[in-house]
Amino acid sequence: MSQVTITSPRDWQEHDLSLAARLGMWIFLATEILFFGGIFCAYAVLRYLNPVGFGIGGHETEILYGALNTFVLATSAVTMTMAAKAADGADYRLIRIGLIATFALGVLFLALKGMEYHDDIVHHLVPGHHFALADPSAEMFWGFYWVLTGLHAIHMSVGLVIIGRAYWLTRQNLKLDELRRNLDVSSLYWHLVDCIWFVIFPVIYLAGRSG
Amino acid sequence: MTDIPFQSLPEAPRAPATVKSYLDEGHTLASWLFTTDHKRIAILYAIGITIFFFIGGFAAMLIRIQLLTPNGTIVSPELYNRIFTIHGIVMVWFFLVPSIPTTMGNFFLPLMIGARDVAFPRLNIISFWIFFLGALFTVVCIVSGGVDTGWTFYTPYSTLYSNGHVIAAAIGIFIVGFSSIATGVNFLTTVHTMRTEGMTWFRLPLFVWAMYATSFVMVLATPVLAASLLMIVAERALGMPLFNPHNGGDPILFQHLFWFYSHPAVYIMILPAMGVVSEVIPCFARRVIFGYRFMVYAMMMIALIGFSVWGHHMFVSGQSPFANIYFSFLSFMVAVPSAIKVFNWSASLFRGSITLEAPMFYALGFVGLFTIGGLTGLMLASVPVDIDLTDTYFVVAHFHYIMVGGSVSAFFAGLHYWWPKITGKLYNERAARLAALLMFIGFNLTFFPQFILGWAGMPRRYATYPPEFQLWHVASSLGAAVLALAYIMPLFYLGWSLYRGGKASANPWHATGLEWQTASPPPKDNFAVPPRVTHGPYFYHADNDPSQPTKNAS
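Residues numbered from 1 in each chain as written. Chains lettered and ligands numbered in written order. Predicted model: local features only at pLDDT ≥ 70, side-chain atom pairs only at ≥ 80, totals over all residues.

Caption draft 1: Local environment of the overall build of chain A. Helix and strand counts for chain A come out as six helices and one strand. Relative to the globule expectation of 17 Å for 211 residues, the C-alpha radius of gyration of chain A, 22 Å, shows a markedly less compact shape. With the C-alpha coordinates aligned to their principal axes, the bounding extent of chain A is approximately 80 × 50 × 25 Å. Evaluated residue by residue, chain A yields a buried proportion of 38% over its 211 residues. (Helix = DSSP H or I, 4+ residues; strand = E, 2+ residues; numbered from the N terminus. Rg over C-alpha atoms; globule rule 2.2 N^0.38 Å. Buried ≥ 20, exposed ≤ 12 C-beta atoms within 10 Å, placed from the backbone.)

Caption draft 2: Examining the overall build of chain B more closely. Within chain B, the secondary structure is distributed over 15 helices and one strand. Relative to the 2.2 N^0.38 estimate, which gives 24 Å for 554 residues, the radius of gyration of chain B is 23 Å and therefore close to what a compact globule would have. Once the C-alpha set of chain B is aligned to its principal axes, its extents read approximately 70 × 45 × 45 Å. Here chain B, with 554 residues, has 57% of them falling under the buried criterion. Residue pairs in contact within chain B that sit at least 24 positions apart in sequence constitute 85% of those at least 6 positions apart. (Contact = placed C-beta atoms within 7 Å.)

Caption draft 3: Focus on helix α6 (residues 166–193) of chain B. For α6(B), with 28 residues, the first-to-last C-alpha span of 41 Å sits near the 40 Å given by 1.5 Å per residue. With 22 of 28 residues buried, α6(B) is to be regarded as a mostly interior element. (Expected span 1.5 Å × (residues − 1).)

Caption draft 4: Just the nonpolar core, in detail. Ranked by internal contacts, the top residues of the largest apolar core, which has 227 residues, are B:Val90, B:Val208, B:Leu271, B:Val277, B:Val280, B:Met299 and B:Ala413. Among residues more than four places away in sequence, those in contact with B:Leu271 are B:Ala210, B:Ala213, B:Thr214, B:Met299, B:Ile302 and B:Ala303. (Core = buried A, V, L, I, M, F, W, Y, C linked by C-beta atoms within 7 Å.)

Caption draft 5: Molecular detail of the environment of A:Thr61. Following the sequence through the fold, A:Thr61 ends up in the loop between α2 (51–59) and α3 (63–86). A:Thr61 sits 88 residues away from A:Thr149 along the chain, and the two C-alpha atoms are 12 Å apart.

Caption draft 6: The packing of α3(A) against helix α6 (residues 176–206) of chain A, seen in detail. Residues and elements named next belong to chain A. Between α3 and α6, the shortest axis-to-axis distance is 10 Å and the interhelical angle comes to 160°. With respect to α6, the axis of α3 lies roughly antiparallel. In this structure, the crossing between α3 and α6 has a hand that is left-handed. Between α3, through Ile63, Gly66, Thr70, Leu73, Ala77, Met80, Thr81, Ala83 and Ala84, and α6, the contact on the second element is made entirely by Leu183, Asp184, Ser187, Trp190, His191, Asp194, Trp197, Phe201 and Tyr205. Taken together, the residues that form the contact of α3 with α6 break down as eleven nonpolar, five polar and two charged. (Axes fitted to C-alpha atoms, helices over the stretch in contact; angles between N-to-C directions. Parallel < 35°, antiparallel > 145°, perpendicular 65-115°, else oblique. Left-handed = near helix turned anticlockwise from the far one by under 90°. Nonpolar A, V, L, I, M, F, W, Y, C, P; charged D, E, K, R; others polar.)

Caption draft 7: Main features of the confidence of the model for chain B. Residue and element names in this part refer to chain B. Across chain B, the average pLDDT comes to 91, with 94% of residues at or above 70. The lowest-confidence element of chain B is helix α5 (residues 157–161), averaging 88 in pLDDT; the highest-confidence one is helix α14 (residues 429–455), averaging 97. Note on residues 1–15: pLDDT is under 50 here. Beyond four places in sequence and across chains, it has 38 contacts. Here residues 545–554 is a poorly scored stretch, pLDDT under 50, and it has 23 contacts once near neighbours within four places are set aside; other chains count. Under the prediction, the complex receives an ipTM of 0.91, its pTM being 0.93. (pLDDT = per-residue confidence, 0-100.)

Caption draft 8: Spotlight on the environment of B:Met403. Residues and elements named next belong to chain B. By the element assignment, Met403 lies in helix α13 (residues 393–423). For Met403, a count of 20 C-beta atoms within 10 Å corresponds to the buried category. Setting aside its immediate chain neighbours within four residues, Met403 contacts Leu96 and Met269.

Caption draft 9: Examining the interface of chain A and chain B more closely. Counting from both sides, the interface comprises 39 residues of chain A and, opposite them, 52 residues of chain B. Counting only elements with at least two residues in the side of chain A that touches chain B, the list comes to β1 (4–5), α1 (17–49) and α5 (136–170) of chain A. Among the elements that take part in the side of chain A that touches chain B, α1(A) stands out by supplying 16 residues, more than any other.

Caption draft 10: Main features of the packing of helix α9 (residues 292–305) of chain B against helix α10 (residues 321–349) of chain B. All names here are of chain B. Following both chains from N to C, one finds α9 and α10 inclined at 155°, their axes separated by 9 Å at the closest point. What the angle tells us is that α9 and α10 run roughly antiparallel. Here α9 runs over α10; the crossing is left-handed. Mapping the contact onto sequence places Phe294, Met295, Ala298, Met301, Ile302 and Ile305 in α9 and Leu330, Met333, Val334, Pro337, Ser338, Ile340, Lys341 and Asn344 in α10. When grouped by side-chain class, the residues that make up the contact of α9 with α10 number eleven nonpolar, two polar and one charged.

Caption draft 11: Just the confidence of the model for chain A, in detail. Looking at chain A, pLDDT values average 90 and 92% of them are 70 or higher. Segment residues 5–9 of chain A is flagged for pLDDT under 50; beyond a separation of four residues in sequence, or across chains, it makes seven contacts in the model.

Caption draft 12: View of helix α3 (residues 77–112) of chain B. Residues and elements named next belong to chain B. End to end, α3 covers 49 Å across 36 residues, agreeing with the expected 52 Å (1.5 Å per residue, within 8%). Among the 36 residues of α3, 32 are classified as buried, and the element is accordingly described as predominantly covered. One or two positions beyond α3, positive phi appears at Gly114, with a value near 75°.

Caption draft 13: Highlighting the environment of A:Leu133. Residues and elements named next belong to chain A. Relative to the helices and strands, Leu133 resides in the loop between α4 (92–122) and α5. A residue is classified by how many C-beta atoms lie within 10 Å of it, and Leu133, with 19 of them, is partly exposed. As for Leu133 and Arg181, which are separated by 48 residues in sequence, their C-alpha atoms are 49 Å apart. Those residues in contact with Leu133 that lie beyond four places of it in its chain are Ile56, Gly57, Glu60, Ala138 and Glu139.

Now the structure itself:
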């Protein structure tokens, strides 16, 4: 008796790629949560130490842009899910519509974000020598603003590339399973980037507004 | 090594002679640099980490030469700071963290679970290039610009005061982190989805379990390091004062975030070593591993508790006494699974037919040195003792016993154990044993005096010291010279074996792991046909399996 027994010659079976891809993506998403979690943790500690300055800083954020963008992202989550679900019924047209809508909403988000950044820069809300607010810890709040929204925007841009690739894949002669796997994984990533925004929005835009 | 055929191991699914080994699948440079074969990627990583090991080792030699005389032998204190920073950064991130997982893990994890490759082969080769280019970038930055923060990048020194390429070095390490994460994601997914028929969870070799536990720590801890390095870059480059007390920032916060990664990183470095030793000891004692399930649970416990002990690096940082007690208690808790492992390795030797080939030399060295490192760790986990010993050479000696005495010894154990499988060649056993012995002696001569130095009050990171410490520093430097020789020797006899070494059979150690049941070196697809597994990986003696004679009996 040995550890290995050979019965009849078999061939290598493809392992379950769909499971592997989704599991791999979930694990990757866990790393993303830890990554943002580290920054949110620093935010929580420093806000606890400097409640007043963070309030003053938070008051200067552009709630209109933030709220609009939240709406845009939430809508994109719907269109992304639409695309992924349409793959179940092999509805290529609906898949493409969903992907195009998601892509467009993603671009809209970044455009709004760019306009907001422009306003922030005009109002001297970039930490440094010309920072507009007198409170030193308000400067720290704006540090978090730039780091968090900037990182999120980078993730959005990566997401756009992923959506673009998924669209391109619908134009290839792929097996439906392969396309579905790709859409599943892409939508997981997209939803995570959404979810992160849903934490950024309250901690950056809402907290401190009541003061 | 014995020539008696190990009759009960048929080496059955060995590839027929017509099947090429993975080494013969293309001989061009491109066939190596852009390969997706996990075995070739392992070789690429091995070359990469060897380069970084010798860069870090060179810095260590400069440190030991500097400390030969009380007033500093060769360099200024400023340059000394840069040298130990290079040593720390390179050894931790570019050697120890990737060392065993990316080389032996990459090579053997798929073989051990009977898979053809890892789950994401392309991600695997990408992770190598991210690692290599990121690490190279960092080293060039440190050497050209100089970083003098130590590998820990403590704020506010790293953010407000240090003049050097801190930003570039931090970005380089940030990038290398992606490679760690990719490897972790790959291994976890591979173990979950690609085990061959009959390879149940509790039939996994302990090395695979070690890789699994390590991967968990990699994917959950590395992102937090990335976040903390990013915040340093944000503060330095973009003027966002997160750690500046003047703006209400908190420098200690950085230590918390940093050690949230860097303490689990210690387990990234030691868990794979435990896995290697758990393979080597049963093979050369011809015994089943004692308490297999406890070994598995112990590793998972170490990985888990390892996340909640980071505060023991910060007993003197001014954190609350309550936090000190909490972290101290949990640090003691980690000793429990670690001790279970040491006892089980020892118990595995009991009544074994022990032979002392080179891998066993290294593995036994590991057990002894890891035990000393672990026990001194308990001393440091105790708050009152640690307050006295913080930032002394006692700490330096302690973690070198774990990382060098432990991890590096195990790395060499694994390298010698699997060398015939990887290359298909046999090395000179006598030279290997001599190197193992020299390494053990050199290591102890280098680092045991540092316990004494630290106990006597010698602080770490100083370029000069009072004359009364000189005796121990000279002893330590002498040991470092022996150690250097022991590290260079394998380059020669292993290199020699590639050209002149005897041809290795499929299973020269008569080991029972699945990786030995295929040709040496394995074919590209690892096995000629997918293997089917019928029982666990350690089947070395009659107590387990009547049909399996012991080596002595055969």
